[in-house]
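# Coordinate inspection notes
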Amino acid sequence: LFPDTTFTTPIATRSSFSDRKTYRAPTPKLALSWRASDAAMLYAQASRGFKGGSWNFRGRQHPLDAETVTAYELGARTEWLGGKFGLNANVFRNDYDDIQLSVSVYDPVTQDYELDFVNAGRGITQGAELEWHARIAPALRWTGHVGYLDARYDRYIDAGVNVAATRRFPNAPRWTAGSSLVGDL
């Protein structure tokens, strides 16, 4: 940070930029499918993934642990009337741990709270999705989808207090839907 518009006199910083950390984690996926008929397939899958940690140079300057997710999904993919109509459905659940959040943290040096980026959260997203497509004319298809999402934090530590009940996942609407007509040329 620079206190003047000439950007020549820096404000003292606590950042050293000399440490480093490597993030590695297994990311397995297990998927099973069963073709119940020529028109229907059922599937189940489970996987684990992570968003690499980082180094926080604001505040207390510390590494962040990787954020992890364990995901589960059950679904069906179907086609009817010789492929003229299709219906796909699934239910899912994602368990997140060590969610990286910008929160207030007590700084014993300044004896005050300051914003810091830390692994402060744990949460769940779960829901269901339905998609369809229908050939309604030789060169015209109708497609659509509807989805329901229950996204919530189980833990969200801000200023030393779990405020999960008052926080919402960003960009996680409860309902989504869409539809379109597509012409094939």
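See the structure printed just above.
Residues numbered from 1 in each chain as written. Predicted model: local features only at pLDDT ≥ 70, side-chain atom pairs only at ≥ 80, totals over all residues. Heavy atoms only, no water.

## With respect to the overall build of the protein chain
- Broken down by element type, the protein chain carries 0 helices and 10 strands.
- Starting at the N terminus and ending at the C terminus, the protein chain contains elements arranged as β-β-β-β-β-β-β-β-β-β.
- Considering the protein chain as a whole, with its 185 residues, one finds that 28% of them fall into the buried category.
- Considering only contacts in the protein chain between residues 6 or more positions apart, those separated by 24 or more positions represent 55%.
- Carbon and sulfur atoms make up 57% of the accessible area of the protein chain, which amounts to about 12400 Å² in all. (Helix = DSSP H or I, 4+ residues; strand = E, 2+ residues; numbered from the N terminus. Buried < 20%, exposed > 50% of the residue type's maximum accessible area, 1.4 Å probe, protein only. Contact = heavy atoms within 4.5 Å. Areas by Shrake-Rupley, 256 points an atom, 1.4 Å probe, with all protein chains shown as cover.)

## A closer look at the packing of aromatic side chains
- Evaluated as defined, the whole model comprises 5 aromatic pairs.
- Relative to Tyr156, the ring of Tyr153 lies with its centre 4.9 Å away and its plane at 90°, an arrangement referred to as edge-to-face.
- Take Tyr156: its relative accessible area is 11%, and that puts it in the buried class.
- One aromatic cluster is present, formed by Tyr96, Tyr153, Tyr156 and Phe169 through successive ring pairs.
- One residue, Arg167, lies across the ring of Tyr156, its end atom 5.2 Å from the ring centre. (Phe/Tyr/Trp six-rings, centres within 6.5 Å; stacked < 30°, edge-to-face > 60°. Lys NZ or Arg CZ within 6 Å of the ring centre and 35° of its normal.)

## Overview of the pattern of salt bridges
- Across all of its chains, the model carries 7 salt bridges by this definition.
- The partner of Asp95 in a salt bridge is Arg93, and the shortest N-O contact between them spans 2.9 Å.
- Arg152 is paired through a salt bridge with Asp154; the nearest N and O atoms lie 4.0 Å apart.
- A residue is classified by how much of its surface remains accessible, and Arg152, at 32% relative accessible area, is partly exposed. (Salt bridge = Lys/Arg side-chain N within 4 Å of Asp/Glu carboxyl O.)

## Focus on the nonpolar core
- In this structure, Leu101, Val103, Tyr153 and Tyr156 are the most contacted members of the largest nonpolar core, which totals 14 residues.
- Counting only elements with at least two residues in this core, the list comes to β6 (85-107), β7 (112-137) and β8 (140-158).
- Counting residues per element, this core draws most heavily on β6, which supplies 5 residues.
- Beyond its immediate stretch of four places on either side in the chain, Tyr153 contacts Ile99, Leu101, Arg122, Gly123, Ala164, Arg167, Arg168, Phe169 and Pro170. (Core = buried A, V, L, I, M, F, W, Y, C linked by side-chain atoms within 4.5 Å.)

## A short note on the environment of Leu30
- Residue placement: Leu30 occurs in strand β1 (residues 29-37).
- A relative accessible area of 54% places Leu30 in the exposed class.
- Contacts of Leu30, omitting those with residues within four sequence positions, involve Ala44, Gln45 and Ala46.

## Some thoughts on the side chain of Asn88
- When you line up the elements, Asn88 lands in strand β6.
- Separated by 3.4 Å, the side chain of Asn88 and the backbone nitrogen of Thr78 make a polar contact.
- Ignoring anything within four residues of it in the chain, the contact list for Asn88 reads Ala76, Arg77, Thr78, Glu129, Leu130 and Glu131. (Polar contact = N/O pair within 3.5 Å; in protein donor to acceptor, adjacent residues only side chain to side chain.)

## With respect to the environment of Pro173
- One can find Pro173 in the loop between β9 (161-162) and β10 (175-183).
- On the accessibility criterion, Pro173 (44% relative accessible area) is partly exposed.
- As for Pro173 and Gly147, which are separated by 26 residues in sequence, their C-alpha atoms are 9.5 Å apart.

## Quick notes on a nonpolar patch on the surface
- On the surface, a cluster of nonpolar side chains totalling about 390 Å² of accessible area is made up of Trp80, Leu81, Leu87 and Leu130.
- The exposed category is assigned to Leu81, whose relative accessible area is 68%. (Patch = residues over 30% accessible without salt bridge, like charges linked within 9 Å, V, L, I, M, F, W, Y side chains within 5 Å.)

## Here we look at the pairing of β1
- In terms of burial, β1 is largely open, as just 0 of its 9 residues are buried.
- Relative to strand β2 (residues 40-51), β1 runs antiparallel, the two being bridged by 8 bridges. Residue Trp34 lies in a different strand from β2, and its bridge partner there is Leu42.
- Adjacent in sequence and paired antiparallel, β1 and β2 are bridged by 2 residues. (Pairing = 2+ DSSP bridges.)

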